[in-house]
There are 2 protein chains.
Amino acid sequence: MLGNFEYHNPTKLYFGDESLQYLNTELKNYGKNVMLVYGGGSIKKSGLYDEIVDILKENGKNIVEDSGVMPNPTVEKLNEGVKIARENNVDLILAVGGGSVCDYSKAVSVSVHCNDDPWEKYYIRFEEPDCKIVPVGCVLTMAGTGSEMNGGAVITNHETKQKIGHVFGDNVMPKFSILNPKYTMTLPKYQMCAGIYDIMNHICEQYFSGEDDNTSDYISEALMKSVIAASRIAKDDPNNYEARSNIMWTAAWALNTLVAKGKSTDWMVHMLGQSVGAYTDATHGMTLAAVSLPYYRYIMKYGLPKFKRFAVNVWDVDPAGKSDEQIAAEGLNAMESWMNELGLVMNISDLGATADMIEGIADGTIIMTGGYKVLDRDEIIGILKASLK
Amino acid sequence: MLGNFEYHNPTKLYFGDESLQYLNTELKNYGKNVMLVYGGGSIKKSGLYDEIVDILKENGKNIVEDSGVMPNPTVEKLNEGVKIARENNVDLILAVGGGSVCDYSKAVSVSVHCNDDPWEKYYIRFEEPDCKIVPVGCVLTMAGTGSEMNGGAVITNHETKQKIGHVFGDNVMPKFSILNPKYTMTLPKYQMCAGIYDIMNHICEQYFSGEDDNTSDYISEALMKSVIAASRIAKDDPNNYEARSNIMWTAAWALNTLVAKGKSTDWMVHMLGQSVGAYTDATHGMTLAAVSLPYYRYIMKYGLPKFKRFAVNVWDVDPAGKSDEQIAAEGLNAMESWMNELGLVMNISDLGATADMIEGIADGTIIMTGGYKVLDRDEIIGILKASLK
């Protein structure tokens with residue numbers, strides 16, 4: 001049953017290889033001081049940095065730079081960004097990069113005019129913003145996280161070994177996002193494939209929950225089939241614009257609240273992966289890939305009808321003459337083959353995790369209750385051990 | 001290829017059997033004068049009228065009534081509504097009803113502060129609004145048109161025998177819509193099934209266009225499968241809340257611009273059906289049903305790969321050992337069986353159209369160019385003749 005819910009997504013998307021021009025349109029809606037947020041400088045190599053600075057200058061903006069956002073943005077970096085934004089009385093935060101840069105920009109946006117410590121307020125006490133929120137716009141250079149059209153913002157605390165996501169409401173979602181599939185083509189294949197798996201897993205986290213077959217399940221299957229088909233083209237031909245554009249579009253819809261409607265949602269793969277990430281600082285999508293199959297094979301029996309449906313509808317498993325368990329298992333095997341095709345990291349050892357970290361990773365794993373099985377600590381340890389090489 | 005496009009849908013949806021309470025939340029955002037728009041009075045019988053009037057009064061609103069909106073709202077009614085809205089300095093138009101009431105409310109909203117004749121400006125010259133637009137909110141009582149989350153507004157001119165839709169931009173979309181599946185349960189089965197086919201055809205109009213297989217095609221298939229599955233439950237058990245909620249949710253997503261992204265879109269079934277509607281004043285969804293199969297069977301050969309995909313992915317036609325033409329034809333046969341299951345009107349004679357109207361209906365049919373075949377007048381006449389009993 002779909003139940004009671006609200007749906008509102010105010011983010012305006014400009015999609016396509018000519019979409020950057022709409023930055024001019026959007027800039028007119030905001031004040032003079034723009035904080036330009038980016039990562040390690042790949043946008044300087046690609047020329048995108050210069051293009052954006054030119055547009056900002058043509059529109060008479062004062063540019064405040066905040067660069068060096070790392071793949072897993074840290075509490076220290078967040079505090080630094082908040083300080084820069086405050087000192088420069090920032091009117092708009094323009095995130096140019098992938099999910100980390102977008103996430104970080106949103107975390108800054110809710111902290112600039114907030115007197116509390118952001119980590120304590122948003123990531124420990126999970127409070128909602130009660131202060132003025134600085135508007136955020138995105139120019140996306142990597143497809144995967146969906147951060148361009150949602151309120152999510154994951155921050156890592158290395159001191160406490162915690163990587164935690166806060167999903168804020170529609171008032172924190174980017175006001176606009178510019179999605180040019182060509183910008184994603186400069187990405188190394190490893191990062192592209194990690195992003196593809198991130199998309200796939202976002203959908204799985206929502207799909208593998210709840211009891212009814214509702215519209216969200218059908219849309220989830222559509223998005224999975226689309227990203228699987230496009231990934232099989234892009235892995236061999238990364239410059240295939242059509243494939244890259246379908247991947248980029250699917251990423252936005254995989255995690256903008258739509259396919260969560262009517263679902264309790266799981267998110268245990270993300271909880272496990274994020275805890276692995278806090279210990280290894282590994283690429284987000286690869287941490288998800290490394291724990292996925294041990295997790296899904298463990299919970300399969302608790303959600304057998306859905307895993308069977310997944311096998312038939314997403315992976316075209318022929319159900320004739322097979323038990324439900326066999327059909328479901330074949331679906332997960334088909335997913336494993338596809339993951340291997342993409343060259344995903346299939347165990348946490350290859351990400352730097354070792355047996356002596358397992359207890360700590362388990363303690364850092366937040367236990368969610370919306371999936372088919374609420375895990376206990378022993379089960380988490382079992383799944384993590386099965387994720388070692 | 002997805003191409004270049006914008007996506008922005010600002011409509012806030014409140015979904016579920018407890019959603020009416022959020023009218024209180026929304027009313028706080030608007031001024032005192034609320035124009036309450038509804039149709040023939042079924043909302044008085046159901047008690048919804050009283051509930052809404054109570055909420056409006058509790059929120060201190062002045063209520064201006066505009067009732068009697070007919071299933072195919074006319075130019076005369078539009079002009080009357082504009083006059084009422086002007087005289088009462090209306091701050092919010094609250095549409096309580098189905099697609100006709102929502103469409104009509106949007107047509108009024110862009111005309112209140114406009115000096116031109118609305119029919120001439122929006123339906124003949126197809127201009128965009130260049131005046132203040134009165135905000136519209138909806139409480140939906142019928143699922144089908146998608147009007148609750150888009151900028152569309154169809155108006156009928158009986159004098160000139162024209163039924164024309166103008167799809168306005170995101171500034172005309174309802175600010176909020178309240179979707180309670182229980183409100184749709186009071187509808188007669190004929191109307192429920194007409195709405196279901198309207199949903200199905202909205203998706204087909206977008207799906208049967210363009211050359212690539214992109215994300216929108218996958219999402220379209222998902223929405224079609226969802227509405228087909230739910231309709232098969234609802235036709236025998238109209239009070240099945242789960243089925244009615246999936247139908248209502250699918251209706252919104254079938255026509256809120258999402259599945260049109262990357263597609264040229266067709267809309268010829270709507271053009272044919274609307275012209276039939278201008279002559280017969282028949283229920284919208286039934287006019288679409290009555291012309292659909294003659295149209296699709298005629299254009300099938302021009303878009304064979306997509307009709308084949310439709311057969312396999314939507315109707316589970318087994319393609320083994322069959323030609324593409326056979327597979328595609330089996331898909332349309334499966335759709336025909338489903339339409340018969342729902343008791344849809346399968347020819348225009350049963351809607352009151354006669355052979356002597358064919359030339360006039362053909363002349364009133366707007367020819368679109370986004371589908372697989374741009375029809376000429378002879379082809380339109382052929383399809384209409386094939387649609388007679």
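Quick notes on the rules
- Within each chain, residue numbers correspond to sequence positions counted from 1 in written order.
- Working convention: letters from A go to chains and numbers from 1 go to ligands, in the order in which they are written.
- Predicted model: local features are reported for residues with pLDDT of at least 70 only, side-chain atom pairs are reported and counted for 80 or more only, and whole-chain, interface and lining totals are derived from all residues.
- Excluding hydrogens and water, the side-chain figures rest on all heavy atoms present in the structure.
- The superposition of copies rests on a least-squares fit of C-alpha positions from residues with pLDDT of 70 or more in both.
- Working rule for contacts: check all heavy atoms of both residues, and any pair within 4.5 Å makes them a contact.
- Defined in terms of a 1.4 Å probe, buried area is the accessible area two parts forfeit on being brought together, summed over both.
- Between Lys or Arg on one side and Asp or Glu on the other, a salt bridge is scored when a side-chain nitrogen of the former is within 4 Å of a carboxyl oxygen of the latter.
- Counted as a polar contact is a pair of N or O atoms within 3.5 Å, where, for protein atoms, one must be capable of donating a hydrogen and the other of accepting one, and residues adjacent in sequence contribute only when both atoms are in side chains.
- A run of DSSP states H or I qualifies as a helix once it reaches four residues; a run of E qualifies as a strand once it reaches two. Both are numbered from the N-terminal end.
- Lys, Arg, Asp and Glu make up the charged group, whereas Ala, Val, Leu, Ile, Met, Phe, Trp, Tyr, Cys and Pro make up the nonpolar group; the residues left over, Gly among them, are polar.
- Only strands joined by at least two bridges in the DSSP assignment are considered to pair.
- Relative accessibility under 20% of the residue-type maximum defines a buried residue, over 50% an exposed one, and the middle range a partly exposed one, all with a 1.4 Å probe and only protein chains included.

## Regarding the relation of the copies chain A and chain B
Item 1. Note on the copies: chain A fits chain B at an RMSD of 0.0 Å, the axial shift is 0.0 Å, and the rotation between them is 180°. Put plainly, the chains are arranged around a two-fold axis.

## Considering the interface of chain A and chain B
Item 1. In this assembly, 42 residues from chain A lie in contact with 42 residues from chain B.
Item 2. Carbon and sulfur atoms make up 59% of the surface buried where chain A meets chain B, a total of about 3600 Å² over both sides.
Item 3. By the criterion of area lost to chain B, the three top residues of chain A are A:Y7, A:Y218 and A:W249, representing 17% of everything that side buries.
Item 4. Counting across the interface, chain A meets chain B through two salt bridges.
Item 5. Where B:K12 meets A:E6, a salt bridge forms, and the shortest distance between an N and an O atom there is 3.7 Å.
Item 6. The tally of links from chain A across to chain B stands at 16 residue pairs in polar contact (both at pLDDT 80 or more).
Item 7. Broken down by secondary-structure element, the contributors of at least two residues to the side of chain A that touches chain B are β1 (5–15), α8 (215–234) and α9 (241–254) of chain A.
Item 8. For the side of chain A that touches chain B, the element with the most residues is β1(A), which contributes eleven residues.
Item 9. The class makeup of the residues in the side of chain A that touches chain B is 19 nonpolar, 13 polar and ten charged.
Item 10. Direction of pairing for β1(A) relative to strand β1 (residues 5–15) of chain B: antiparallel, over a ladder of seven bridges. Bridge pairing links A:L13 to B:Y7 in β1(B).

## Regarding the pairing of strand β4 (residues 92–97) of chain B
Every other side chain in a regular strand lies on the same face of the sheet, so the side chains alternate between the two faces.
Residues and elements named next belong to chain B.
Item 1. Of all six residues in β4, six are buried, a share of seventy percent or more.
Item 2. Side chains L92, L94 and V96 of β4 all project onto a buried face; the interleaved residues I93, A95 and G97 project onto the opposite face, where all are buried too.
Item 3. In this sheet, β4 lies alongside strand β2 (residues 33–37) in parallel orientation, the contact comprising four bridges. By the bridge assignment for β4, V34 is matched with L92.

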